[in-house]
Each structure stands twice: as structure tokens, then as C-alpha cells.
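# Analysis of the macromolecular model
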Amino acid sequence: MRQLGLEVPDVGQSGAGSLTLSAMGKSKDGLAVVLRGAMGPTEVTLNGSATLKRGAAPSAELDLDLKSPDVGSLLVLSGNVVHGVMGSTPADVAAHLSIGNRKVRVNRIEGKLAEVPTVGDIDIDFAPAVPKVTGNLSFDEGSLAGLGEAILGPAAFDFPIVQSRNPWPEAPFGAALIDGFDTDLALKFGRLDIEGGLA
């Protein structure tokens, strides 16, 4: 990925990777496409159709299937290192992707993240200067620490409670899991654990 110009942090060893693409048909009428990617034990499959017409933006309707013992190995490709999800977040998720007009809709999300049942829909609009993310996600359970790390960056709730007058971290926030987006996501938890004595 570094050869493609992506600033990938040197965190752990993801294993060997591969990428295969097959397409049949005419691009203007819609290609039947299957894209399979693997990185170590992580496997991603996209199966559906893509349309490429001269003078028009590409569009696609794809079914996504993701299976990974640690989805952090994929997240690190964004350049962000969120330690709470590194080496600890298995994923088995399916969804449908609709791509077109600089927008991506990820709907019918269903599966498990970190063994927690998850459903929802997400829309990403790349037209604005700062891409906008909207949608809703429902989790059977979650933790305040994990939520804080996704929003505010690594160790957001590591409170310096010893020899400190200020219980709020004094170090600047790091890169969050959703850094670089204007995000408005409705999150629903069946149970939210408040850890570290933050009652």
C-alpha cells in the first residue's frame, strides 16, 4: 500500500495480501464484476455490477462480504492507528454498496463486530470539501471507552487521576477512527458499559 502512496503506519504484521478482479460484459451496459481481496486471514469480496459510460460518473451496485479476525489491519490502511481496535476487533459483516455521483451508500449492514451483533445504514457524500457521513448504526452492546476512542482518538479516556488536578487528558487528541469526515451518525446501544469508575 505504501507503493501506492498511502501513508501506512508500521503496526504489526498483517500478512501477505492479494487482489483479484474479474469482469464480464460491456462497460456501458453494466459489467458483472467480482473483486476478491485478502490480507493475511482477512478476506473481502465485492460481487455485483458496475457501469462505465463516457462522460458520466461510474456507478456500481455491489454486495460486500467481510470476514476478518482483526479488522484493525484494514483500518490502519487509512493512516489512523486506533489502538483500541488493533488486534482485538474481529468482523463478520455483509452489506450492500450503491456507488454513484460521488456518493456511496452502504445499506443493509448486518453481522458482528467484535462478536457484537450490528445492523445499520451509512451514506458518504464526497462532493463537499470535507466528505459528509450520515446514517445509523445499532449495536447490541458497547463501551464508553471504545466510543470515545473512535470519536476522539487513542486513549481518549485514559484519565491521569494520579498526581493531577485535572481529570481530563492533557495530551492533544489523536487521529480518530472517523477523522477527516463531517460525521452525523445516530448510534444505538442495547447496553453501554461505563468503565474506569466514570459512573
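These notes cover the structure that comes with them. Everything numeric in this text was worked out from a predicted model, so none of it was measured.

For the rest of this paragraph, the subject is the pairing of strand E6 (residues 103–113). Note that strand E5 (residues 91–100) and E6 share 9 bridges and pair antiparallel. Paired with Asp92 across the strands is Lys112, a residue of E6. In sequence, E5 turns back onto E6 through a hairpin of 2 residues, with Asn101 there showing a positive phi of about 55°. Pairing geometry for E6 and strand E7 (residues 116–125), over 9 bridges, is antiparallel. Residue pairing for E7: Lys112 is matched across the bridge by Pro117. Turn length for the E6-E7 hairpin, with the two strands adjacent in sequence and antiparallel, is 2 residues, and the turn residue Ala114 shows positive phi of about 55°.

Turning to the sheet that holds E6, a few remarks are in order. With respect to topology, 9 strands assemble into an open sheet ordered E1-E2-E3-E4-E5-E6-E7-E8-E10, the strand pairing being mixed. The outermost strands of the open sheet, each flanked by one partner alone, are strand E1 (17–24) and strand E10 (182–189). Within this sheet the neighbouring strands show an average axis-to-axis angle of 10°, counted without direction.

Reading the values: rules and limits
- Residues numbered from 1 in each chain as written.
- Predicted model: local features only at pLDDT ≥ 70, side-chain atom pairs only at ≥ 80, totals over all residues.
- Heavy atoms only, no water.
- Pairing = 2+ DSSP bridges.
- Helix = DSSP H or I, 4+ residues; strand = E, 2+ residues; numbered from the N terminus.
- Axes fitted to C-alpha atoms, helices over the stretch in contact; angles between N-to-C directions.

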